[in-house]
Structures are given as structure tokens and as C-alpha cells.
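# Chain and residue survey
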2 protein chains.
Amino acid sequence: MSSAPLKIARLNANQADFNHHLDALLAWEGVSDKAVNERVEEIIAAVRQRGDAAVVEYTARFDALDASSMADLTLDRARLELALERISPEQRQALEVAAERVRSYHEHQRQDSWRYTEADGTVLGQKITPLDRVGLYVPGGKASYPSSVLMNAIPAKVAGVPEVVMVVPTPRGEINELVLAAACLAGVDRVFSIGGAQAVAALAYGTESVPQVDKIVGPGNIYVATAKRAVFGQVGIDMIAGPSEILVVCDGQTDPDWIAMDLFSQAEHDEDAQSILLSPDAAFLDAVEASLNKLLGSLERADMVRISLETRGALIKVESLDQACEIANRIAAEHLELSVADPEALLPKIRHAGAIFMGRHTPEALGDYCAGPNHVLPTSGTARFSSPLGVYDFQKRSSIIFCSPDGASELGKTASVLARGESLTAHARSAEYRIKG
Amino acid sequence: MSSAPLKIARLNANQADFNHHLDALLAWEGVSDKAVNERVEEIIAAVRQRGDAAVVEYTARFDALDASSMADLTLDRARLELALERISPEQRQALEVAAERVRSYHEHQRQDSWRYTEADGTVLGQKITPLDRVGLYVPGGKASYPSSVLMNAIPAKVAGVPEVVMVVPTPRGEINELVLAAACLAGVDRVFSIGGAQAVAALAYGTESVPQVDKIVGPGNIYVATAKRAVFGQVGIDMIAGPSEILVVCDGQTDPDWIAMDLFSQAEHDEDAQSILLSPDAAFLDAVEASLNKLLGSLERADMVRISLETRGALIKVESLDQACEIANRIAAEHLELSVADPEALLPKIRHAGAIFMGRHTPEALGDYCAGPNHVLPTSGTARFSSPLGVYDFQKRSSIIFCSPDGASELGKTASVLARGESLTAHARSAEYRIKG
């Protein structure tokens with residue numbers, strides 16, 4: 001492990017070429033390359049054609065698993081309960097606390113059907129129903145996270161989804177007991193130890209063993225993301241997740257070691273993860289840089305953190321906290337920490353962020369695990385147009401229209417004029433039949 | 001125009017091979033072929049590289065327009081107001097009635113931010129914000145519909161989107177005054193007379209003249225759908241729209257001419273449109289078939305309607321209205337008409353449908369134009385997991401977490417255990433800093 005000083009970018013928001021630097025820093029093309037696309041299309045086609053046989057074959061090959069049938073890749077509820085016994089009591093309690101808090105928060109998101117009646121008796125409304133069956137993708141290997149299981153499965157269950165099917169690859173047969181224990185607590189109904197594009201294809205189209213789902217959620221590598229994009233339309237998907245990011249806005253009064261560790265916590269995810277700090281206090285940026293250098297060597301993932309911070313990290317001097325908010329809106333970060341004395345004063349200025357962590361005592365890590373809100377959040381600036389994973393992702397709406405004879409007669413006249421204006425005369429005549437003579 | 005008897009499929013839900021027949025009837029692969037994909041990728045790359053120049057060039061070529069710059073393809077608010085003057089008073093009134101009803105319905109969908117405080121002072125919540133800028137795709141040519149403009153733009157404006165940018169191709173320079181008048185009433189801020197993949201690319205990436213948007217909504221042909229799929233992630237999109245469909249469930253007591261015209265109203269959209277009728281009354285199916293034959297010749301789009309009904313339509317005898325509801329859930333139709341005496345009795349059994357038209361006096365055509373709910377609806381069975389276009393498509397959520405020192409201290413303990421279980425020790429240490437000594 002190198003102990004060379006960390007070379008993290010230092011920028012000033014008032015420098016002439018700042019926008020150019022910021023664009024370069026944020027640039028991230030999540031688009032799959034042609035080779036990945038073709039490979040994924042091939043895998044999807046094989047799974048659609050040969051079902052279980054193709055899934056077993058790819059799993060044996062990619063995950064180095066000695067599986068001869070889907071039965072070898074199926075984990076039943078009893079196996080999940082066994083996992084709950086196997087983990088330590090301390091871990092079990094932590095999972096239970098987290099699950100309960102996540103459930104409680106998400107219950108606030110549940111939406112109800114509504115309707116209203118107009119003067120002529122016409123009823124209009126919106127009916128809310130849960131999806132029938134949802135697929136959860138949980139990454140395997142080094143990124144196999146029990147917290148992801150809670151964050152994906154619990155909102156689906158709160159929404160009322162009757163069947164939640166989880167897939168999690170187990171490379172070389174390595175099973176993560178914490179992941180299975182989390183699945184047990186979250187109420188996951190079935191688990192298959194498969195992953196990659198083959199798992200996405202199996203969930204989207206169904207095989208002899210894997211039931212077809214209506215929506216696939218959860219993060220994954222480039223093959224998983226490409227496969228999700230490819231099956232979008234056949235099933236719903238949540239989002240195309242990019243590398244994780246944190247943006248910290250600090251007034252300079254938080255302990256620099258705390259802020260350094262908050263930046264590290266993002267950078268330890270992977271080499272492409274992004275950690276950026278904005279502060280109007282130049283001396284504080286120096287202090288955080290010193291803390292980064294002081295603490296870096298003590299991290300277990302120091303090499304990865306160094307690469308992440310040196311290639312995608314930045315410490316940025318801003319003119320004011322107002323300017324910090326403007327830049328925060330431009331970045332539309334997945335995680336935004338407002339580590340300032342009065343975060344409520346900044347909140348109205350924040351238009352785009354996946355999750356907003358307010359005050360010095362709210363590090364992102366608390367939200368990642370147990371504060372309650374979801375940790376599946378829009379990345380790469382997509383918070384401009386998308387939302388955290390939530391109960392609303394597992395419910396859908398149907399419009400309700402129930403015209404009274406009087407209402408239909410009046411509406412028929414308007415519809416007739418507009419339909420004829422569009423040369424859709426069968427529409428017009430269908431409406432006109434309901435006009436009273 | 002042929003006057004041969006209409007050859008529409010007649011099925012019985014109790015016949016042995018019914019599921020097979022139904023699957024064949026519903027089969028629809030909206031997936032673009034390779035040639036379309038490559039063409040679209042090429043167009044997107046050109047627009048990203050050369051901006052306006054590429055857009056102007058493609059528009060000149062595909063829309064046979066003699067445009068030399070984007071200025072020739074820009075319509076300002078004054079031009080929209082002129083359109084409002086040019087249409088007939090009757091049309092203007094109909095558009096105004098429709099716009100007002102659509103606005104009024106969608107106001108019920110507006111969501112508010114919420115928050116709650118826990119015993120230790122920790123605050124959790126959800127902040128709702130509108131998107132900054134939205135792009136509306138409106139098809140041109142024969143499918144240029146003013147009603148689409150109302151249905152796309154009004155929910156965005158109700159959501160509070162400050163800037164709505166519309167694109168509508170004007171092949172051979174044909175401008176639809178009703179479309180522009182609708183844009184004027186709906187509060188569209190800017191209009192470009194461009195279309196196809198080049199318009200989608202311009203909205204997604206921005207050019208010198210076309211501002212980059214955060215989300216693109218609205219239906220389009222295969223090039224538009226393919227381009228939307230390709231830019232998904234860079235911007236949000238609404239859905240990949242397939243051909244339009246209606247499913248009518250009738251108890252046999254509605255005037256068969258009315259039901260025939262309701263089926264026609266869907267079939268007149270295009271040759272791939274789908275109209276299906278379910279009834280437990282075999283004699284009524286005969287009567288509707290007779291009405292279809294009687295009325296077909298009187299339709300302006302009789303040839304298209306015939307192709308649609310003969311290739312994708314069906315009259316299906318069911319055992320009971322309960323069985324009709326089961327089949328309706330399996331189809332998950334875009335438009336579902338419950339043309340029965342007591343539609344409220346069936347409603348709880350319907351899990352999947354884009355919009356539900358209840359009773360004999362609620363033909364789909366009323367919903368298409370002016371009842372109030374949106375006519376942009378999930379097609380091809382995607383109502384299993386998606387919703388009508390709505391205000392919620394133009395708002396997004398940010399999670400709010402504001403831990404009190406006491407709250408952070410308690411949560412820190414749980415987060416620490418879980419983070420260490422995931423080998424994310426920087427996460428753990430970041431949380432542990434907030435545990436009280």
C-alpha cells in the first residue's frame with residue numbers, strides 16, 4: 001500500500017474554467033459497449049429459447065458453480081430461516097432494527113385510491129393496485145449486501161406485492177448468510193442463486209423454474225444493467241444504476257476527520273465511486289485533505305479508495321453556501337450531505353438530490369443501513385428526473401371514469417368536435433351515440 | 001373498399017386451446033430490429049456531435065422540409081396564439097373544455113412533501129420537487145393529435161415544471177393548427193417542428209437551439225421509441241408505447257351498435273391496434289358481429305379498421321363476468337370498458353388496466369378527449385407494472401434524513417454492525433464517529 005500523499009483534485013468554483021472541470025469530473029457514460037450488448041442479447045435469446053437449461057449452463061460457466069439443474073440453484077424458505085439462526089445475535093438484532101425502521105418509513109409512502117363525483121353524477125378517480133410479482137436483483141461476490149435486500153424487498157412488501165422473487169449469484173458457491181437472513185426478515189418468497197444477464201432474462205421471460213415477474217429492481221454490474229435495459233418494456237425496471245456518489249456541503253465547522261471518513265465511505269464502494277466536498281472555507285478544505293492523508297492508510301480498502309478519490313474525487317472551494325446549493329443542483333447527487341449549522345436554511349434551495357442528509361450528525365452511512373429511507377437512489381445526475389426506490393415503484397395506478405348519462409351526453413359533444421378535428425370519426429360516432437336525442 | 005363479410009376471430013374461453021389462441025392474439029414484439037437500432041444510434045451520434053446542423057439536415061431529408069437553420073424550425077408563443085385564432089370557435093371551446101377538465105383531474109394527483117419527527121428528535125421525510133425541463137414528443141402527419149398535447153403538457157404544468165418544450169414534426173411543412181392551439185392552451189413554452197430520432201436526441205443531449213431536457217414523454221413511431229430507449233438514463237422517459245388496445249367486457253345488454261363503434265374507435269388508430277370483446281352472451285356476440293358488418297362500410301377508415309379487426313381483433317365468449325375479469329387481468333389492457341349494468345361490482349376484481357371505463361355511457365372516446373384522466377396509457381400488457389401518464393411523472397422525490405445527536409448515536413450502533421458485516425469499514429467508522437462516547 002502506497003503512502004504517497006493523496007492527489008485529490010482541488011478546484012475553485014470561481015475559477016474561469018470551473019464548469020469545464022466540473023463537467024469532466026462528472027462525465028460518466030454508463031452506456032454499454034457493443035461487445036457487452038451483443039453478449040447480453042445472446043444470453044437473453046438463449047434463456048428465452050432454452051429456459052432453465054440455459055440459465056444452469058451460464059451459471060455453471062460464469063459463477064464456476066457445479067450445478068446440474070435449477071433445483072441446485074433454488075433456496076427455499078427453510079434455508080433462509082437457517083441463515084437467520086447462523087448469524088450472530090448482534091447481527092440479527094441490527095438487521096431487525098434496520099428492517100423495522102425501513103418498513104416504518106416506507107409505510108408513509110403507501111398511496112390510496114381516490115375518487116370524486118361531479119355535479120352530474122360522473123365519477124372520476126384513480127385506483128391503486130400492487131404489482132403481482134417482483135424480481136429483486138442482489139449483486140453477489142464482494143458487493144453482496146444484506147442491506148440491499150432489505151431496501152429492495154421491504155417497499156415491495158409494504159406495497160402489497162404478493163410474491164417477491166430474489167436472485168443473487170453465488171460465485172464459486174459462496175453463500176452470504178447475512179444476505180439470506182435479510183431476505184428472510186424482509187419476507188422474500190423465493191430465492192434463486194443465479195445472477196448476471198441470465199438471471200435478468202429468466203425473471204423477465206420466465207423459465208420452467210423461475211416465474212416471470214412484472215418488474216425487476218436492484219443494482220448490478222454492466223451485464224445486469226445492460227440486460228435490464230434490454231428487457232425494459234417486457235417488464236418494468238427501476239433504473240440504470242451508475243457508480244455511487246456523495247456530495248458533501250460543509251460550512252467548515254464539522255470535525256474534518258468526520259468529513260474525511262464520510263468521503264471515504266463512498267470511495268470504498270468501487271474505483272468509479274465519486275466523493276466531492278464543497279466548502280466556502282479554504283482552510284477547512286486543507287484540514288480535510290490532511291485528514292484524508294492521515295486516515296487513508298488505516299482503511300482496509302485504501303488502494304481502492306485512493307484510486308476513486310484521485311480519479312473522481314474533488315475538494316471544491318465555493319464562494320458561499322448559496323453557490324454550493326447551485327452546484328449541488330447541477331450535480332444532482334445520489335447522496336447529498338448538508339453538514340452545516342442550519343441545514344433547514346439550505347433545504348429549500350436544493351432541487352435535485354436522491355437523499356439529503358442534514359446536519360453534522362447525519363452521515364450517509366446511517367441512511368445506507370438503518371435510518372429508514374431507501375438506499376437505492378438515482379445516480380449519475382438522474383436525480384434530476386427520478387426518485388429513490390419506494391413503495392410507489394411497486395404500485396401502479398388505473399384511471400377510473402364512470403360517466404352518468406347526463407355527463408356522457410355533455411362530454412360526448414366536446415369529444416365529437418375534437419375527434420372530428422383529428423379525423424377520427426369512429427371515435428366521434430362512438431361518443432355521439434351517448435349524446436341524448 | 002371491399003364489402004366482404006368481416007372475418008373477425010371468434011373464440012370461447014372454455015375451449016381447450018384458448019390460452020394458446022389468446023397468447024397468439026396478444027403477441028406483440030415492440031422490440032426494434034437491428035437495422036432500426038443502428039440507424040437510430042447513428043442519428044443520435046450525429047446530433048450529439050453536430051447539434052443543430054445534424055437536426056436540420058435530418059429534418060430536411062426525412063420531413064421533406066426546406067429548412068436551412070433551426071430558426072426555420074422554431075415556433076414561438078406568438079405563432080401558437082395565432083393558431084388559437086385560426087381554429088373555429090367551436091374547436092376552441094372544445095379544446096378549452098377538455099384542457100380545463102384534464103387540469104382539474106390531474107390536480108388531484110399532485111403530491112406534497114411530508115416529514116415526521118421521532119421521539120429522539122430525528123426527522124425523516126420526503127421532499128417533492130418538479131422536474132426543471134420536460135420534452136414532449138407529439139407525432140406528426142396523420143397521427144398529429146391536439147388531444148395528445150393537452151394530455152402531455154397539462155400534467156407537467158400541474159406538477160410545476162417551469163419549462164415544457166414540445167417537438168412535433170411537420171412533414172412537407174404541414175402544420176396542424178389544432179396542435180399548436182392545444183400547445184398554446186396547455187402552456188407549452190417552446191415548440192420545435194422537428195421529429196423522429198433526431199428530435200429525441202436533440203432533447204436528450206441539447207443542441208445550440210434545443211435545450212436539454214430532463215425527461216421526454218409522448219408516443220411515436222418505431223424510430224422514436226427506439227431513440228427513447230437509447231437515451232433512457234441520460235434523461236427520463238415515460239414508456240415504450242406499443243399499438244393501442246381496447247378490451248370491452250359487456251353483459252350483453254348494451255346496444256350492439258354502440259359496442260361495435262367502441263371497437264371501431266380503437267381499430268381506426270392503425271392496422272396493429274387491437275379491439276377485443278368479452279361477453280357471456282353468445283347471441284350478443286353475434287349481434288355485435290352483425291353491427292360491425294352493418295357499420296363497417298360507413299367508416300372513413302374502413303380499410304384500416306378491417307385489417308386491424310381481422311388480424312388482431314376477437315369476439316370472445318366467456319363463461320361469466322368473473323371469468324371476463326380474470327382474462328382482463330391477464331390481458332392488462334390499455335383501455336378496459338366495463339359495459340355492464342353494475343360495473344362497481346366488477347371493479348374490485350380488476351387488478352391490471354391502464355384506464356377503466358365504467359358503464360354503458362362511458363366509451364373510451366370520452367376518456368381519449370375530455371373526461372379528465374390521461375389518455376397516455378400503458379400498452380401491450382405493461383399495465384401490469386406501469387401507470388397512466390400523470391403529475392407524478394413530472395415530480396420526483398428526495399429522501400430527507402436529519403438525525404439528532406441522540407438519534408445518530410443509536411443508529412450509529414446498528415449501522416456499524418451492518419457495515420462491518422458487509423466489510424465496508426469506512427461506512428462503519430463514519431457511523432461510529434457519531435456514537436456518543
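Model, not experiment: these values are computed from the prediction.

### Let's talk about helix α1 (residues 18–26) of chain A
At 3.6 residues per turn, the α-helix brings residues three or four places apart onto the same side. Residues and elements named next belong to chain A. Those residues of α1 not exposed but buried are F18, L22 and L25. For α1, the angular spread of buried residues about the axis comes to 60 degrees, placing them on one side. Of the exposed residues in α1, the ones pointing more than 90 degrees away from its buried face are H20 and A24. Residues of α1 that are buried in the fold lie against β1 (9–12), β11 (274–279), α12 (302–312), β12 (314–317) and α13 (321–331).

### Some remarks on the relation of the copies chain A and chain B
Both copies of the chain are tied together by a single rotation about an axis and a shift running along it. For the pair chain A and chain B, the superposition axis carries a translation of 0.0 Å, the fit reaches an RMSD of 0.0 Å, and the rotation angle comes to 180 degrees. On the angle and the small slide along the axis, the relation comes out as a two-fold axis. Among all C-alpha atoms of chain A, that of R229 of chain A lies closest to the rotation axis, at 4.0 Å. With an isologous cut-off of 70% or more, the 100% of interface residues of chain A that recur at the interface of chain B puts this contact in the isologous class.

### Details of the packing of aromatic side chains
Applying the stated criterion to the full structure yields eleven aromatic pairs over all chains. Ring geometry for F232 of chain A against F232 of chain B: centres 5.2 Å apart, planes inclined by 20 degrees, an arrangement best described as stacked. Separated into two different chains, F232 of chain A in the loop between α9 (222–231) and β9 (236–237) and F232 of chain B in the loop between α9 (222–231) and β9 (236–237) make up a pair that spans both. For F232 of chain A, a relative accessible area of 12% gives the class buried. Plain terms: the ring middles of Y58 of chain B and F62 of chain B are 5.7 Å apart, the flat faces sit at 10 degrees to each other, and that makes the pair stacked. Placement of both Y58 of chain B and F62 of chain B in helix α3 (residues 52–62) is noted, with a separation of four residues, approximately one turn of the helix. Taken together through their ring pairs, the aromatic side chains of Y105 of chain A together with W114 and Y116 of chain B make up a single cluster. In this structure, R397 of chain A packs its charged tip against the face of Y392 of chain B, placed 3.4 Å from the ring centre.

### Some remarks on the UniProt feature "binding site: NAD(+)" (unreviewed entry) in chain A
All names here are of chain A. UniProt's entry tags Y137, Q198 and N221 with the feature "binding site: NAD(+)" (unreviewed entry), counted in the numbering of this structure. Considering the C-alpha atoms alone, the annotated residues occupy 85 residues of sequence yet fold into one spot, their largest mutual distance being 12.7 Å. Along the chain, Q198 turns up in helix α8 (residues 196–205). Apart from the residues lying within four places of it in its own chain, the contact partners of Q198 are I43, V47, V55, Y58, T59 and F62. Secondary-structure assignment places N221 in the loop between β8 (215–217) and α9. At a separation of 3.0 Å, a polar atom in the side chain of N221 contacts the main-chain amide nitrogen of Y223.

### Observations concerning the UniProt feature "binding site: Zn(2+)" (unreviewed entry) in chain A
Residue and element names in this part refer to chain A. Under the UniProt annotation, "binding site: Zn(2+)" (unreviewed entry) lies at Q266, H269, D368 and H427. Taken along the chain, the residues just named run across 162 residues; in space they spread out, the farthest C-alpha pair reaching 55.6 Å. Position of Q266 relative to the elements: it lies in helix α10 (residues 256–267). Under the relative-accessibility criterion, Q266 is labelled buried at 0%. Setting aside chain neighbours within four positions, we find Q266 in contact with S244, E245, I246, A273, Q274, S275, H335 and E364.

### A word on the interface of chain A and chain B
Reports of interface size often rely on the accessible area that becomes lost once the parts have come together. Facing the 119 residues of chain A at the interface are 120 residues of chain B. Inspection of the chain A/chain B interface yields ten salt bridges. Across the pair E344 of chain B and R115 of chain A runs a salt bridge whose closest N-O atoms are separated by 2.8 Å. Taken together, chain A and chain B are joined by 71 residue pairs in polar contact (both at pLDDT 80 or more). Here the element with the most residues in the side of chain A that touches chain B is helix α16 (residues 405–421) of chain A; it accounts for ten residues. When its residues are assigned to classes, the side of chain A that touches chain B shows 59 nonpolar, 34 polar and 26 charged.

### Focus: unusual backbone geometry
All names here are of chain B. Of note, the phi angle at A64 is positive, near 50 degrees, even though the residue is not glycine. On the secondary structure map, A64 appears in the loop between α3 and β2 (74–75). Positive phi, close to 55 degrees, is recorded for R172, a residue that is not glycine. With respect to the helices, strands and loops of the structure, R172 is situated in the loop between β6 (163–167) and α7 (177–186).

### Observations concerning the pairing of strand β5 (residues 133–137) of chain B
Residues and elements named next belong to chain B. The buried fraction of β5 is high, at four of five residues. With five bridges joining them, β5 and β6 adopt parallel strand pairing. By the bridge assignment for β6, G135 is matched with V165. For β5 and strand β8 (residues 215–217), the ladder comprises three bridges, and the chain directions are parallel. Looking at β8, one finds that V134 is bridged to K215.

### Concerning the pairing of strand β14 (residues 355–358) of chain B
The alternating pattern of β14 of chain B places A355 and F357 of chain B and I356 and M358 of chain B on opposite faces, both of which are buried. For strand β15 (residues 395–402) of chain A and β14 of chain B, the ladder comprises four bridges, and the chain directions are parallel. Counterpart to I400 of chain A in the pairing with β14 of chain B is I356 of chain B. Pairing between strand β13 (residues 335–339) of chain B and β14 of chain B: four bridges, direction parallel. Bridging from a neighbouring strand, L338 of chain B pairs with M358 of chain B of β14 of chain B.

### Focus on the nonpolar core
Ranked by internal contacts, the top residues of the largest apolar core, which has 76 residues, are I194 of chain A together with I194 of chain B. Contact partners of I194 of chain B, with chain neighbours within four places excluded, come to V55, T59, M70, L73, V167, V168, P169, A199, A202 and V210 of chain B.

### With respect to the sheet that holds strand β10 (residues 245–250) of chain B
Taken in spatial order, the nine strands make up an open sheet running β3(A)-β4(A)-β15(A)-β14(B)-β13(B)-β10(B)-β11(B)-β12(B)-β1(B), and their pairing is mixed. Looking at which strands have only one partner, the edges of the open sheet turn out to be β3 (114–117) of chain A together with β1 (9–12) of chain B. In this sheet, adjacent strand axes meet at a mean angle of 20 degrees when their direction is disregarded. Here five bridges tie β10 of chain B to strand β11 (residues 274–279) of chain B, and the two strands are oriented parallel to one another. Within β11 of chain B, the residue paired with I246 of chain B across the bridge is S275 of chain B.

### Considerations on the side chain of S399 of chain B
Structurally, S399 of chain B is set in strand β15 (residues 395–402). For S399 of chain B, a relative accessible area of 3% puts it in the buried group.

### Focus on the environment of G381 of chain A
Residues and elements named next belong to chain A. Turning to its location among the elements, G381 is positioned in the loop between α15 (364–369) and β15. Judged by relative accessible area, G381 falls into the buried class, the value being 9%. Not counting chain neighbours up to four residues away, the residues in contact with G381 comprise E245, I331 and A332.

### Things to note about helix α6 (residues 146–159) of chain A
All names here are of chain A. With 14 residues, α6 extends 20 Å from end C-alpha to end C-alpha; this agrees with the ideal 20 Å at 1.5 Å per step. The buried fraction of α6 is high, at 13 of 14 residues. Once α6 ends, the next one or two residues include G160, with phi positive near 100 degrees.

Cut-off values and rules
- Residues numbered from 1 in each chain as written.
- Chains lettered and ligands numbered in written order.
- Predicted model: local features only at pLDDT ≥ 70, side-chain atom pairs only at ≥ 80, totals over all residues.
- Heavy atoms only, no water.
- Buried < 20%, exposed > 50% of the residue type's maximum accessible area, 1.4 Å probe, protein only.
- Helix = DSSP H or I, 4+ residues; strand = E, 2+ residues; numbered from the N terminus.
- Arc of directions from axis to C-beta.
- Contact = heavy atoms within 4.5 Å.
- Least-squares fit on C-alpha atoms with pLDDT ≥ 70 in both.
- Phe/Tyr/Trp six-rings, centres within 6.5 Å; stacked < 30°, edge-to-face > 60°.
- Lys NZ or Arg CZ within 6 Å of the ring centre and 35° of its normal.
- UniProt positions renumbered as here; feature names shortened; annotations may be inferred.
- Polar contact = N/O pair within 3.5 Å; in protein donor to acceptor, adjacent residues only side chain to side chain.
- Salt bridge = Lys/Arg side-chain N within 4 Å of Asp/Glu carboxyl O.
- Nonpolar A, V, L, I, M, F, W, Y, C, P; charged D, E, K, R; others polar.
- Pairing = 2+ DSSP bridges.
- Core = buried A, V, L, I, M, F, W, Y, C linked by side-chain atoms within 4.5 Å.
- Axes fitted to C-alpha atoms, helices over the stretch in contact; angles between N-to-C directions.
- Expected span 1.5 Å × (residues − 1).

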